[in-house]
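Fold and contact review
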Amino acid sequence: MINFKNLSVILTHAFVGWALCAATMGIGMAVTTMQNTLIVHAIGAPLFFAGVSWFYFSRFNYTKPFQTALIFVSFVIVVDFFVVALLINRSLEMFASLLGTWIPFVLIFASTYITGLVVTQKAKLTTDN
């Protein structure tokens, strides 16, 4: 069962991943085209979340890989919807972009899930030996 402290740790990790993605978008839009920014973001998002997930599963591991992936991507979707789309952009247009939202969402879920499987399996093999 997830208590408040554990949930805070999980959501903090999700926030760090989201913040890295937001920084990528902010810096990218300032220095290059939107298309290039979206490509860099689509590459960076799963890498950021793989790193955050690796840290989370190595140090805390309060949830299973599927649960963690679901929590991380849900956090990103909620923050993107309420903060980025509604408050900052004042438009839902970003959700019409496969490259801008949907591909990164899928890749965030996949990278978190796969990282969780790898780290937890490695930890299990280590403790079994």
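Structural data are supplied above this passage.
The model shown is predicted, which means the values in this text are computed figures rather than measured ones.

Structurally, Asp 128 can be placed in helix H4 (residues 98–128). Sequence separation of Asp 128 and Ala 96 is 32 residues, and the distance between their C-alpha atoms is 47 Å.

Our focus in this paragraph is the environment of Tyr 62. Looking at the element boundaries, Tyr 62 is found in the loop between helix H2 (34–59) and helix H3 (65–89). Residues within four places of Tyr 62 in sequence aside, it is in contact with Lys 5, Asn 6, Val 9, Ile 10 and Tyr 56. Among the polar contacts made by the side chain of Tyr 62, one reaches the side chain of Lys 5 at a distance of 3.5 Å.

What follows deals with the nonpolar core. Grouped together as the largest cluster of nonpolar side chains are 22 residues, with contacts concentrated most on Trp 18, Phe 49, Phe 72, Val 76 and Ile 108. Those elements that place two or more of their residues in this core are helix H1 (4–31), H2, H3 and H4. A total of seven residues in this core trace back to one element, the largest contributor, which is H3. Residues within four places of Val 76 in sequence aside, it is in contact with Trp 18, Phe 49, Phe 105 and Ile 108.

Now for H3. The sharpest bend along H3 comes to roughly 35°, located at Asp 80. Every buried residue of H3 is accounted for by Pro 65, Thr 68, Ala 69, Phe 72, Val 73, Phe 75, Val 76, Val 79, Asp 80, Val 84 and Ala 85. Buried residues along H3 sit against H1, H2 and H4. Phi for Arg 90, located one or two positions after H3, is positive at around 55°.

Right, let's talk about the packing of aromatic side chains for a bit. Counting across every chain of the model gives 16 aromatic pairs. With a centroid separation of 6.4 Å and an interplanar angle of 75°, the aromatic rings of Tyr 56 and Tyr 62 are classed as edge-to-face. A relative accessible area of 0% places Tyr 56 in the buried class. Accessibility expressed as a relative area gives 29% for Tyr 62, which makes it partly exposed.

The next point concerns the layout of surface pockets. Its boundaries defined by the atoms lining it, the largest pocket holds a volume of some 550 Å³. As for the largest pocket, its lining consists of 23 residues, and the residues nearest its centre are Met 25, Met 29, Val 84, Asn 89 and Met 94. Of all elements in the fold, only H1, H2, H3 and H4 reach the threshold of two or more residues within the lining of the largest pocket. In terms of residue count, the dominant contributor to the lining of the largest pocket is H1 (six residues). Here the lining of the largest pocket is built from residues that sort into 14 nonpolar, seven polar and two charged.

This next bit is on the packing of H2 against H3. The N-to-C vectors of H2 and H3 enclose an angle of 135°; their axes lie 12 Å apart at closest approach. As far as their axial angle goes, H3 and H2 are oblique. Between H2 and H3 lies a crossing of right-handed hand. On H3, the residues that touch Phe 49, Val 52, Ser 53, Tyr 56 and Phe 57 of H2 are Pro 65, Thr 68, Phe 72 and Val 76. Classifying every residue of the contact of H2 with H3 gives seven nonpolar, two polar and no charged.

Calculation criteria
Residues numbered from 1 in each chain as written. Predicted model: local features only at pLDDT ≥ 70, side-chain atom pairs only at ≥ 80, totals over all residues. Heavy atoms only, no water. Helix = DSSP H or I, 4+ residues; strand = E, 2+ residues; numbered from the N terminus. Contact = heavy atoms within 4.5 Å. Polar contact = N/O pair within 3.5 Å; in protein donor to acceptor, adjacent residues only side chain to side chain. Core = buried A, V, L, I, M, F, W, Y, C linked by side-chain atoms within 4.5 Å. Buried < 20%, exposed > 50% of the residue type's maximum accessible area, 1.4 Å probe, protein only. Bend = angle between axes of the 7 residues up to and from the residue. Phe/Tyr/Trp six-rings, centres within 6.5 Å; stacked < 30°, edge-to-face > 60°. 1 Å grid on protein atoms, 1.4 Å probe; cavity = no way out; pocket = protein on both sides within 12 Å on 5 of 7 lines; lining within 4 Å. Points joined across faces, edges and corners; volume = space filled by probe spheres on them. Nonpolar A, V, L, I, M, F, W, Y, C, P; charged D, E, K, R; others polar. Axes fitted to C-alpha atoms, helices over the stretch in contact; angles between N-to-C directions. Parallel < 35°, antiparallel > 145°, perpendicular 65-115°, else oblique. Left-handed = near helix turned anticlockwise from the far one by under 90°.

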